[in-house]
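Topology and contacts: notes
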Amino acid sequence: MSPQQVSQSVRRVAIVGGARIPFARSDGPYATASNQQMLTAALDGLVERYRLQEPGAVGEFVAGAVLKHSRDFNLARETVLGSKLHPRTPAYDIQQACGTGLQAVIAAANKIALGQTESAVAGGADTASDAPLGVNDSLRRILLEARRAKSAGARLKALAKVRPGHLVPDIPRNAEPRTGLSMGEHAAVTARARGIPREAQDELAAASHQRLAAAYERGLFQDLVVPFRGLARDQNLRPGSTVEKLATLKPVFGLGHPDPTMTAGNSTPLTDGAATVLLASEEWARERGLEPLAYLTAYETAAVDFVDGDVAGGEDGLLMAPAYAVPRMLERAGLGLDDFDLVEIHEAFASQVLATLAAWEKQGLGTVDRARLNVAGSSLATGHPFAATGARIVATLAKLLTERDAPARGLISVCAAGGQGVTAILERA
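Here's what I pulled together on the structure shown here. None of the values given here were measured: they were computed from a predicted structure.

**Structural notes on the nonpolar core**
Counting 47 residues, the largest nonpolar core has L279, I412 and L426 as the members making the most contacts within it. Beyond its immediate chain neighbours, meaning those up to four positions away, I412 contacts L102, E344, I393, V394, L397, V422, T423, A424 and L426. Listed in part, the 45 residues of the second largest apolar core include A188, A205, A206 and L318.

**Brief notes about the pairing of strand 1 (residues 13–20)**
Most of strand 1 sits inside the fold, with 8 of its 8 residues counted as buried. Judged from the 3 bridges that link them, strand 1 and strand 9 (residues 294–303) form a sheet pairing that is antiparallel. Counterpart to A14 in the pairing with strand 9 is Y295.

**What about the side chain of R372?**
Along the chain, the position of R372 falls in the loop between helix 12 (350–362) and helix 13 (379–382). Here R372 occupies a buried position and makes no salt bridge, while the nearest side chain of opposite charge, D338, is found at 4.3 Å. With sequence-adjacent residues up to four places away left out, R372 is seen in contact with L337, D338, F340, D341, L342, V343 and T367.

**A closer look at the environment of G195**
Within the fold, G195 resides in the loop between helix 7 (183–194) and helix 8 (198–217). Of the residues examined, G195 reaches a relative accessible area of 53% and is grouped as exposed. Measuring from C-alpha to C-alpha, the distance between G195 and I412 comes to 24 Å, with 217 residues separating the pair along the chain.

**Details of the layout of surface pockets**
Estimates place the volume of the second largest pocket at around 300 Å³. If you trace the second largest pocket, you find 17 residues lining it, with N174, F253, T268, L270 and F349 closest to the centre. Classifying every residue of the lining of the second largest pocket gives 9 nonpolar, 7 polar and 1 charged.

**Here we look at the packing of helix 8 against helix 12**
Interaxial distance between helix 8 and helix 12 falls to 8 Å at its minimum, and their mutual angle equals 105°. The orientation of helix 8 relative to helix 12 falls into the category roughly perpendicular. Along its contact with helix 8, which presents A200, Q201 and L204, the element helix 12 presents A350, S351, V353 and L354. In terms of residue class, the contact of helix 8 with helix 12 is made up of 5 nonpolar, 2 polar and no charged.

**Some thoughts on the pattern of salt bridges**
The final tally for this structure, using the stated rule, is 20 salt bridges. The closest approach of N and O atoms between R332 and E300, which form a salt bridge, is 2.7 Å. Taken together, the residues span a long stretch of sequence, with R332 in helix 11 (residues 322–333) and E300 in strand 9 at a distance of 32 residues. One network of salt bridges, with partners in common, ties together D137, R140 and R141.

**Details of the packing of aromatic side chains**
By the definition in use, this model includes 3 aromatic pairs. Between Y30 and F228, the ring centres sit 5.0 Å apart and the planes meet at 65°, which makes this aromatic pair edge-to-face. Placement of the pair is Y30 in the loop between strand 2 (24–25) and helix 2 (35–50) and F228 in the loop between helix 8 and helix 9 (243–246), with a sequence separation of 198 residues. Residue class for F228 comes out buried when judged on its relative accessible area of 13%. Between F253 and F349 the ring centres are 5.9 Å apart and the planes differ by 90°, which places this aromatic pair in the edge-to-face class. Of this pair, F253 sits in strand 6 (residues 251–253) while F349 sits in the loop between strand 10 (342–345) and helix 12, placing them 96 residues apart in sequence. As far as burial versus exposure is concerned, F253 and F349 are alike and both buried. Directly above the ring of Y295 sits R12, whose terminal nitrogen or CZ lies 3.7 Å from the centroid.

What counts and what doesn't
Residues numbered from 1 in each chain as written. Predicted model: local features only at pLDDT ≥ 70, side-chain atom pairs only at ≥ 80, totals over all residues. Heavy atoms only, no water. Core = buried A, V, L, I, M, F, W, Y, C linked by side-chain atoms within 4.5 Å. Buried < 20%, exposed > 50% of the residue type's maximum accessible area, 1.4 Å probe, protein only. Contact = heavy atoms within 4.5 Å. Helix = DSSP H or I, 4+ residues; strand = E, 2+ residues; numbered from the N terminus. Pairing = 2+ DSSP bridges. Lys, Arg positive; Asp, Glu negative; His and termini not counted. Salt bridge = Lys/Arg side-chain N within 4 Å of Asp/Glu carboxyl O. 1 Å grid on protein atoms, 1.4 Å probe; cavity = no way out; pocket = protein on both sides within 12 Å on 5 of 7 lines; lining within 4 Å. Points joined across faces, edges and corners; volume = space filled by probe spheres on them. Nonpolar A, V, L, I, M, F, W, Y, C, P; charged D, E, K, R; others polar. Axes fitted to C-alpha atoms, helices over the stretch in contact; angles between N-to-C directions. Parallel < 35°, antiparallel > 145°, perpendicular 65-115°, else oblique. Phe/Tyr/Trp six-rings, centres within 6.5 Å; stacked < 30°, edge-to-face > 60°. Lys NZ or Arg CZ within 6 Å of the ring centre and 35° of its normal.

Okay, here's the thing in structure tokens:
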């Protein structure tokens, strides 16, 4: 097939709808819920809303989680088997840290665009409450030695090496393996390098809560959020958040340096939750009488060298990859920041959002009017179940675009652990 034939065969990919459960703070209402249980609840909400129960209604389900138990090795497929989706629906897992949900959407969209399937569901789930606890590595080695033993005596000799310290489990840490620094500490390095002030961070955090509360009040999430375990809205939401209240919180990151600025209030809390998105070809949607909310028209990924690169200067900060992905995507699409009605930047930390905006401005992309930025709140208010955030943002932005006169366009920017970034463009024709 020639490049021209490939180009002519690429189809538009419609965002038909989304469903997620309310996000909850870790060790709260979902403390005993598994990734599979949460993802199944979100998927069932989507299946019921769009009547997807019949065989072949959905061509594929793609989803993932970042904090996974060994039992989650086939999470997407097991979720299908436990859901109201037809059991003959194929499924597979995907993972790119905090970019997982958006990468799942992209993976599903590519198959629809190429005509390999007519519809797909993408999403993700994560629980910080039910995080896997690994066997102490020294104990693991002893147990493997005992398993390999050829006699009962050799097995007992290996097991006799076990000491009390070996029984301490390996608890997951929110830290980069190559630096040992948590995501918050990495963000603090960038905040210092970029000179991001505390007040600006608190202003952005307060606005996130206030805008999310307003979005709930006007019914934006009525057909996007399905109740789960007693929650009907995001538990982390604080409608009364103000800059003055946030200013009273003590810094929690960057404490080894003068004037730290990052607090629990302007940083995303550990969160449990799940989200899904329904994507399809225009023909599939038309046959079912469904009006697409928007179309996924472009996407781009990038990575930075946060280990040996210009970290101190802020150029290669752990969460700065969208500063490279977005310019490339816009150049390829022939667009500028002024061409977007709405901009959605994942709020891992308020300082990271502000650093990303500053980087885009430094690169000559222009400024983003705050009236167009995260207009229904984002991760600082909703919380951030790592693999679920991308799907949440896609569904929310698509719904927000329906509130505007067509044509309308929205930009998505998601930073991720490992120094990566995933970005996308949604358009409403």
